[in-house]
Amino acid sequence: MNLTLKVWRQKNKKVNGKLETYQVAGISEDMSFLEMFDVLNERLVSEGTEPIAFDHDCREGICGMCSMYINGQPHGPLQGVTTCQLHMRSFKDGDTIVVEPWRAVAFPVIKDLVVDRSSFDRIIASGGFISVNTGNAQDGNSLPIPKDDADKAFMAAACIGCGACVSACKNASAMLFVSAKVSQLALLPQGQPERQDRAMKMVAQMDAEGFGTCTNTGACAAECPKEISLENIARLNREYLGASLGSTN
Amino acid sequence: MSNKLDAKIPEGPIADKWTKYRSTVPLVNPANKRSLEIIVVGTGLAGASAAATLAEMGYKVKAFCFQDSPRRAHSIAAQGGINAAKNYQNDGDSVYRLFYDTIKGGDYRSREGNVHRLAEVSGSIIDQCVAQGVPFAREYGGLLSNRSFGGTQVQRTFYAAGQTGQQLLLGAYSGLERQVGIGNVTMYTRHEMLDVVTIDGKARGIIAKNLVTGELERHFGHSVLLCTGGYGNVFYLSTNAMGSNVTAAWKAHKKGANFANPCYTQIHPTCIPVSGDHQSKLTLMSESLRNDGRIWVPKKQNDTRLGNDIPEEERDYYLERRYPAFGNLVPRDIASRAAKERCDAGYGVGASKMAVYLDYAYAIERYGKIEANKKNMHNASKEEISEMGKAVVKEKYGNLFDMYKQITGEDPYELPMRIYPAVHYTMGGLWVDYNLMTNVPGLYALGEANFSDHGANRLGASALMQGLADGYFVIPYTIGSYLSSEIRTKAISTDHPAFAEAEKAVRERINKLLNIKGKQSPESFHKRLGKIMWDKCGMARSEKGLKEAIAEIQALKNEFWSDVRILGDADEFNPELDKAGRVADFIELGELMCVDALNRNESCGGHFREEYQTEEGEALRDDENFMYVAAWEYEGESKWNLNPEPLIYENIKIAQRSYK
Ligand SMILES: Cc1cc2nc3c(=O)[nH]c(=O)nc-3n(C[C@H](O)[C@H](O)[C@H](O)COP(=O)(O)OP(=O)(O)OC[C@H]3O[C@@H](n4cnc5c(N)ncnc54)[C@H](O)[C@@H]3O)c2cc1C
Ligand code: SF4
Ligand code: FES
């Protein structure tokens, strides 16, 4: 198929960027969206134009590195799929596709489609863990965990830290990301001792990084490639409220 | 045989070696730890666990990764699970059995001492991960669930759906970030190590490139740990992440570190077949699928019917036929070769004919019936059984089935999956002793980057185990034996001439690459290298092919250095430039792999030389002449010296590996 691509080009953080138009021809349906970019980039190199920079690594939908805002949707039109797992069979011959980077104050553009998401690491560093040193652990089976709780924790833990939720949100809020980690650990017995402290610290760091506030529009969960549920946000709100009121449940 | 390399395996009975060693290894007191600096390059399972643990112990740690976050290391993609000799299933597992399975699985080409230690610490890994909040799969009673992997007859694999690597890495990452928050680890993301700095023969730091700004940085450390993963991407197409590369290990090799068994590569039997020239990587379908899926091809050659239309009696379940004792769960090297054999003989399926079926129809029916019994539905219809069976399969393997569907456009709940072997893992790597130290004092290698524990073939679910064993439970002890003698070494200024020289060399190479201004992209060279490697140093190798490959690689190298085209500048974010540097290193590694494969005149594990096979087509080892680790020392362009380290088996009786 033949397509028209409008891609955000920006040399670096300091200069302004703009959309450039490229025609691509001979794209097969079996290609992934990123393989289509590979084809375009090979051509750009042969024409002496700098290839388009974009983040990617696993190309299996699990590392969370790929991050394209495609026709107004993070990770493109398919539900529950990352950019790298989006295939060209989701598009039609003759389509025009607009590709931009994530947009958020807390995710500054580095180059073209590549943004800086180190704010997510700092949120985890502020409290997204259980404080257990290596060697401190007791036997794994000494702590039975109801399957249902374990499954729910797992569903929350499936977050890949891609940032699509932030990019989908009109306020650029990181609530879905933060709530996924808070929920995972709050659902497990191991996470109980630091539960309240964790919620407080992670929310404080999220605010400090310049993410917006959550106004419950739900755009985040609708675009999340791992289908992280809004229930997690509700849980985070309870945890946070509980913590700030000093209750102990 | 010359014996230049000392593996430093402790004396004593196998079961006591590690315990005794651990309780006698010199310690570093807490005050001294605070003034000792450790550089950890790579923050996958091995690096993140090592960095977090060493920081908890009080060392000052600097950690590096090339992705934008440590959470994205290639370990994240591991699917199926992690082994541990817990014997929770009461099926006869033990430390000895895991030890034995691993040595046998590796086709008797790994060290007894290392492997036994690995089996010993395996249980603590699970405990540690559970304590961190890793949500492993559980049974209804709340206890941990297990499944089987290839090459074993017990259930010792712990898992978190098909996302085990993700959950383990996020656990290790959370431990690492906790130390970053406290200030014990300084984390450098989007940084690539481009050289090791040695002073008086000891590793004392690295040169790293800030990938965002292009700046070269000098970092000092009392020791340097390379946890930089495997080199499967030398084949261009592999199941590895796009960024996985050999650069860090290769730079260390050129600074004197021996590279061991480079030709031992693992071809994984169950991957989604190549669909066209545009293909940028291959996707694994986890080995755990062989627990329940059955592999077959039509009994008739060039059968063009769809899988579902071929009746039962016209299917050849060739693994079950050839290896009745292990069936579909034979080790990877054997399953891969058997698939290749069937396809080469004209029994392949799908449009390309280079695929075999992995079929879930039988498992869906079996699970459906179990569910019906559980629910007391004695008259369940075929459809009901199938629905219930699909639900069980979905819970166990849902994400893998989704991925298959996403990539191929076919529904694996309804049609058998098409699979074919693909490059997956590299058993070879930097040579290390029992302490995980390379032959360069102070320079260590952990995880897939070292060669240590898997011999000529790794068993499934053992890489995660080894990476975390190295990082959580081995290096924290063994590093003491070196650092305890370094407590008087003050931090060395990075103005030292050795740092200046190393930085200069790195800069010159970058400029050289940029100034070639040729016509071909780094990507195109990578593809061509991959093709040479896959055709001549892949699943089957021969003297003739390897000799041709060496000549072709040398020619490719010349062409690369005279015709590569890299756009953009050195002082900016420039992924093309980074890629070019990695491809240049892969080309050199490719040559060494062929040299090693040519030297090893036997077949063992993942290394199959066509000249050396039994009548039934099984790998034929030559224990008399090749029971050694081939450690290669760099001696200049296209020149290596072989330092063999003999392998000594005191506990396990060497036999021809049989899974029949
Ligand atoms: C698809 C897939 C599925 C798998 N499934 C399983 C499984 O189920 N069970 C199992 O046991 N094993 C599995 N494996 C194997 C296993 O995942 C890997 O062997 C293991 O995760 C490697 O971990 P590591 O820490 O050694 O390296 P990696 O996770 O590869 O990490 C390498 C690190 O080094 C960094 N790095 C590399 N070079 C440089 C440099 N020059 N400068 C700075 N940083 C650098 C990277 O940024 C990264 O942080 C699987 C592998 C694949 C490909
Ligand atoms: S919550 Fe979803 S969208 Fe947000 S970072 Fe996690 S996986 Fe990405
Ligand atoms: S590249 Fe890893 S999730 Fe897309």
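Colleague: Teacher, can you tell me more about the interface of chain A and chain B here?
Modeller: In many analyses, interface size is given as the accessible surface area lost on bringing the parts together. With 67 residues of chain A in contact, the opposing surface of chain B contributes 62 residues. Element by element, the count of residues in the side of chain A that touches chain B is highest for helix α2 (residues 118–127) of chain A, at six residues.

Colleague: What exactly am I supposed to notice about the sheet that holds strand β11 (residues 265–271) of chain B here?
Modeller: Hydrogen bonds along the backbone pair up the strands of a sheet, which may run parallel or antiparallel. Residue and element names in this part refer to chain B. Taking strand neighbours across the sheet as the criterion, the five strands line up as β11-β15-β14-β12-β13 in an open arrangement whose pairing is antiparallel. Each end of this open sheet is capped by a strand with a single partner; those strands are β11 and β13 (315–316). Examined bridge by bridge, strand β14 (residues 356–359) and strand β15 (residues 417–426) share three bridges and lie antiparallel to one another. Looking at the pairing, Leu358 lines up with Met417 of β15. Along the sheet, helix α10 (residues 332–344) makes contact with β11, β12 (294–298), β14 and β15, crossing β11 at roughly 65°.

Colleague: I'm lost on the domain arrangement of chain A in this one. Help?
Modeller: Residue and element names in this part refer to chain A. Assigned domains within chain A: domain 1 (3–111) and domain 2 (118–244). One C-alpha centre belongs to domain 1, the other to domain 2, and the line joining them spans 29 Å. On the domain 2 side, the residues contacting the 18 residues of domain 1 number 16 residues.

Colleague: I'm lost on helix α5 (residues 112–132) of chain B in this one. Help?
Modeller: Residues that lie three or four places apart on an α-helix share one face, since the helix turns once every 3.6 residues. All names here are of chain B. Here α5 contains 21 residues, and its C-alpha end-to-end distance of 31 Å stays within 8% of the 30 Å for a straight helix at 1.5 Å per residue. At Val121, α5 shows its maximal bend, which comes to roughly 35°. When you tally the buried positions in α5, you get 18 out of 21 residues, the bulk of the element. Of the residues trailing α5, Gly133 is marked for its positive phi of about 95°.

Colleague: In this structure, what is going on with the site of ligand 1? I would like to understand it.
Modeller: Residues and elements named next belong to chain B. Taken together, 47 residues lie around ligand 1, and Gly42, Gly44, Ser75, Gly229 and Gly447 are the ones closest in. Among the secondary structure elements, those contributing two or more residues to the shell around ligand 1 are α3 (45–57), α6 (164–182), β6 (191–199), α7 (247–254), β15 and α13 (463–483). Class assignment for the residues of the shell around ligand 1 results in 19 nonpolar, 26 polar and two charged.

Colleague: Can you help me understand the pairing of β11(B) in this one?
Modeller: Both faces of the sheet carry side chains from a regular strand, because those side chains alternate between them. All names here are of chain B. Among the seven residues in β11, seven count as buried, and that is most of the element. Both β11 and β15 contribute to a ladder of five bridges, which runs antiparallel. Among the inter-strand pairings, Cys271 is bridged to a residue of β15, identified as Tyr420.

Colleague: I keep staring at the domain arrangement of chain B and nothing clicks. Help me out?
Modeller: Residues and elements named next belong to chain B. Assigned domains of chain B: these are domain 1 (269–423) and domain 2 (502–625). Distance between the C-alpha centres of domain 1 and domain 2: 33 Å. In this assembly, six residues from domain 1 lie in contact with five residues from domain 2. Per-element accounting of the side of domain 1 that touches domain 2 gives the leading share, five residues, to α10. Considering only residue class, the side of domain 1 that touches domain 2 consists of one nonpolar, one polar and four charged.

Colleague: What is the right way to look at the site of ligand 2 in this model?
Modeller: Residue and element names in this part refer to chain A. Close to ligand 2 lie 14 residues; Cys159, Cys162, Ala164, Cys165 and Cys224 are nearest. Contributions of two or more residues to the shell around ligand 2 are made by α4 (164–168) and α5 (175–186). The leading source of residues in the shell around ligand 2 is α5, at three residues. Looking at side-chain class alone, the shell around ligand 2 contains 11 nonpolar, two polar and one charged residues.

Colleague: Just to check I follow, could you spell out helix α6 (residues 195–208) of chain A for this structure?
Modeller: Residues and elements named next belong to chain A. Between the first and last C-alpha of α6 there are 20 Å, a value that for 14 residues agrees with the 20 Å anticipated at 1.5 Å per step. Turning to α6, its buried residues are Gln196, Arg198, Ala199, Met202, Val203, Gln205 and Met206. Looking at the packing, one finds that the buried side of α6 touches α2, α5 and α8 (231–244). Downstream of α6 by a residue or two, Gly210 has a phi angle that is positive, lying close to 90°.

Colleague: Teacher, can you tell me more about the pairing of strand β5 (residues 96–100) of chain A here?
Modeller: All names here are of chain A. Here four bridges tie strand β1 (residues 3–9) to β5, and the two strands are oriented parallel to one another. The residue of β5 that forms the bridge with Lys6 is Val98. Where strand β3 (residues 69–70) and β5 come together, two bridges link them in antiparallel fashion. Among the inter-strand pairings, Tyr69 is bridged to a residue of β5, identified as Glu100.

Colleague: Where do I start with the nonpolar core in this structure?
Modeller: Proteins that are soluble and globular tend to have nonpolar side chains buried together. Residues and elements named next belong to chain B. With 276 residues, the main nonpolar core has Val41, Ala51, Leu225, Leu226 and Leu430 as its most contacted residues. If one sorts the elements of this core by residue count, helix α17 (residues 575–599) sits on top with 12 residues. Leaving out residues up to four positions away in the same chain, Ala51 has contacts with Val40, Thr43, Val61, Ala63, Leu176 and Val185.

Colleague: When you look at the environment of B:Glu576 in this model, what are you seeing that I'm missing?
Modeller: With respect to the element layout, B:Glu576 can be found in helix α17. Each C-alpha atom, one on B:Glu576 and one on B:Pro644, is 38 Å from the other, the two residues being 68 residues apart in sequence. Those residues within four positions of B:Glu576 in sequence are excluded, and the remaining contacts are A:Pro51, B:Pro522, B:Ile566, B:Leu567 and B:Gly568.

Colleague: Sorry if this is basic, but what is going on with the sheet that holds strand β16 (residues 429–430) of chain B here?
Modeller: All names here are of chain B. Taken together, four strands build an open sheet; the order of strands is β16-β10-β18-β19 and the sheet is antiparallel. At either margin of the open sheet sits one strand with a lone partner, and together these are β16 and β19 (640–646). The strands that α17 touches are β10 (259–260), β18 (628–634) and β19; relative to β18, the one it contacts most, it runs at about 140°.

What counts, and at which threshold
- Residues numbered from 1 in each chain as written.
- Chains lettered and ligands numbered in written order.
- Predicted model: local features only at pLDDT ≥ 70, side-chain atom pairs only at ≥ 80, totals over all residues.
- Contact = placed C-beta atoms within 7 Å.
- Helix = DSSP H or I, 4+ residues; strand = E, 2+ residues; numbered from the N terminus.
- Pairing = 2+ DSSP bridges.
- Axes fitted to C-alpha atoms, helices over the stretch in contact; angles between N-to-C directions.
- Domains from an automatic or database assignment.
- Expected span 1.5 Å × (residues − 1).
- Bend = angle between axes of the 7 residues up to and from the residue.
- Buried ≥ 20, exposed ≤ 12 C-beta atoms within 10 Å, placed from the backbone.
- Near = placed C-beta within 6 Å.
- Nonpolar A, V, L, I, M, F, W, Y, C, P; charged D, E, K, R; others polar.
- Core = buried A, V, L, I, M, F, W, Y, C linked by C-beta atoms within 7 Å.

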